[in-house]
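Coordinate inspection notes
If you want the building blocks of each chain, they are given just below.
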Amino acid sequence: MARTVVIASGKGGVGKTTVTANLGILLAMTGKRVILADADIGLNNLDVALCIENRVVYDVVDVAEGRAGLRDALVKDKFVPTLSVLPSAKANSSDRVRAAAFAGIIAEAAGMADYVIIDAPAGVDAGFHRAVSAAREAIVVTTPHVSAIRDADRTVSLLSTYNVARIGLVVNRVRGDLVTKGETVPPEKIAELLRLPLYGVIPESDAVGVYTVLNSYGREGAAEAYRMLAEYVEGSGKEVYDYTRRYRGFLGRLRRF
Ligand SMILES: Nc1ncnc2c1ncn2[C@@H]1O[C@H](COP(=O)(O)OP(=O)(O)OP(=O)(O)O)[C@@H](O)[C@H]1O
Ligand SMILES: [Mg+2]
């Protein structure tokens, strides 16, 4: 049975879809069978982000309503053969997939994979409920901004009312220069405030996209940060990306300047 992990945030636009895609790609690159499930039903972000929207034949609504089987709906990634995506559906379809039906689909997916990673929608309403009800683990994504941390805190409280056994934190868009200058909250402090283990830190980077991790040069360390996150989740690594390294020493002071 797969580990079922929901990627949630509360606040929108903090990087859930980016984290889902990059983490999924990296885990799949180690040979693990990974299914990414887009729970943002009605917005279908993940298939667009992974550039597979032209290959979508059936989506999660078709599966929920019995027009297609799960296997028919899964779209295999072009680059990583052990990665596939369960696409969400177009606009105005969110009400058509109830939480119990979605959980059933995820349970079936779990029988076919090592990881099922669920990309949750923003907010904490029905879409959140559906996404979280289907998972046994959660990763909360936040940025170092106060409004995002506050929403993450609400999300963590809500998660405790679900059957989620393990919760971890990813702090995204971290600027090592600002942390070094004391102008923003360090990720470790955010983890402490939220009382969550820090699974990963992803630096702010122009180079961040869905295929960040396939770019082996990974400008500004984002690719390395994602690699460390995947190792943490998988259990083979216990360190997070050193976001201040670039800003220490003489060159670092120059960069900060
Ligand atoms: N580390 C980063 N550095 C810079 N930009 C980033 C980083 N991570 C994500 N972004 C950018 O932030 C934007 C939002 O990311 P993403 O779509 O992953 O967020 P989301 O939480 O899924 O949003 P939504 O709540 O709308 O689903 C995207 O344009 C993405 O490229
Ligand atoms: Mg998203």
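Structure report, in brief. These figures come from a predicted structure and were not determined experimentally.

1. Structural notes on the sheet that holds strand E2 (residues 34–38)
Judged by pairing direction, the sheet is mixed, and its eight strands sit side by side in the order E3-E4-E2-E5-E1-E6-E7-E8 without closing on themselves. At either margin of the open sheet sits one strand with a lone partner, and together these are strand E3 (75–76) and strand E8 (198–203). The pairing of E2 with strand E5 (residues 115–119) spans five bridges and is classified as parallel. Across the sheet, Val-34 pairs through a bridge with Tyr-115, a residue of E5. Here helix H5 (residues 99–110) sits on the sheet and contacts strand E1 (3–8), E2, strand E4 (83–86) and E5; the angle it forms with E5, its principal contact strand, is near 150°. Contacting E1, E5 and strand E6 (137–142), helix H6 (residues 126–133) runs over the sheet at an angle of about 155° to E1.

2. Some points on the site of ligand 1
Lining the immediate environment of ligand 1, one finds 19 residues, of which Gly-12, Lys-16, Thr-17, Thr-18 and Ala-122 sit closest. It is helix H1 (residues 16–29) that provides the largest number of residues to the shell around ligand 1, a total of three residues. Its residues assigned to classes, the shell around ligand 1 shows five nonpolar, 10 polar and four charged.

3. Observations concerning unusual backbone geometry
A positive phi angle, near 60°, is found at Cys-51, a position not held by glycine. Along the polypeptide, Cys-51 turns up in the loop between helix H2 (45–49) and helix H3 (60–64). Not every positive phi belongs to a glycine, and Arg-173 is a case in point at roughly 60°. With respect to the element layout, Arg-173 can be found in strand E7 (residues 166–174).

4. Structural notes on the environment of Asp-177
Structurally, Asp-177 can be placed in helix H8 (residues 176–180). Spatially, the C-alpha atom of Asp-177 lies 46 Å from that of Arg-96, the residues being 81 residues apart in sequence. When neighbours within four sequence positions are excluded, Asp-177 is seen to be in contact with Tyr-247, Arg-255 and Arg-256.

5. Some words on the nonpolar core
Among the nonpolar cores identified, the biggest contains 81 residues, and Val-6, Ile-7, Val-116, Ile-118, Ala-138, Val-140 and Leu-229 are the most heavily contacted of them. Residue contributions to this core peak at nine residues, all from helix H10 (residues 222–234). Beyond its immediate sequence surroundings of up to four residues, Leu-229 is in contact with Leu-23, Val-170, Tyr-199 and Gly-200.

6. Remarks on the environment of Ser-133
By secondary structure assignment, the location of Ser-133 is in helix H6. Ser-133 sits in the partly exposed class, given 19 other C-beta atoms within 10 Å. For Ser-133, the contacting residues outside a window of four places in its chain are Ala-99, Ala-103 and Tyr-162.

What counts, and at which threshold
Residues numbered from 1 in each chain as written. Chains lettered and ligands numbered in written order. Predicted model: local features only at pLDDT ≥ 70, side-chain atom pairs only at ≥ 80, totals over all residues. Pairing = 2+ DSSP bridges. Helix = DSSP H or I, 4+ residues; strand = E, 2+ residues; numbered from the N terminus. Contact = placed C-beta atoms within 7 Å. Axes fitted to C-alpha atoms, helices over the stretch in contact; angles between N-to-C directions. Near = placed C-beta within 6 Å. Nonpolar A, V, L, I, M, F, W, Y, C, P; charged D, E, K, R; others polar. Core = buried A, V, L, I, M, F, W, Y, C linked by C-beta atoms within 7 Å. Buried ≥ 20, exposed ≤ 12 C-beta atoms within 10 Å, placed from the backbone.

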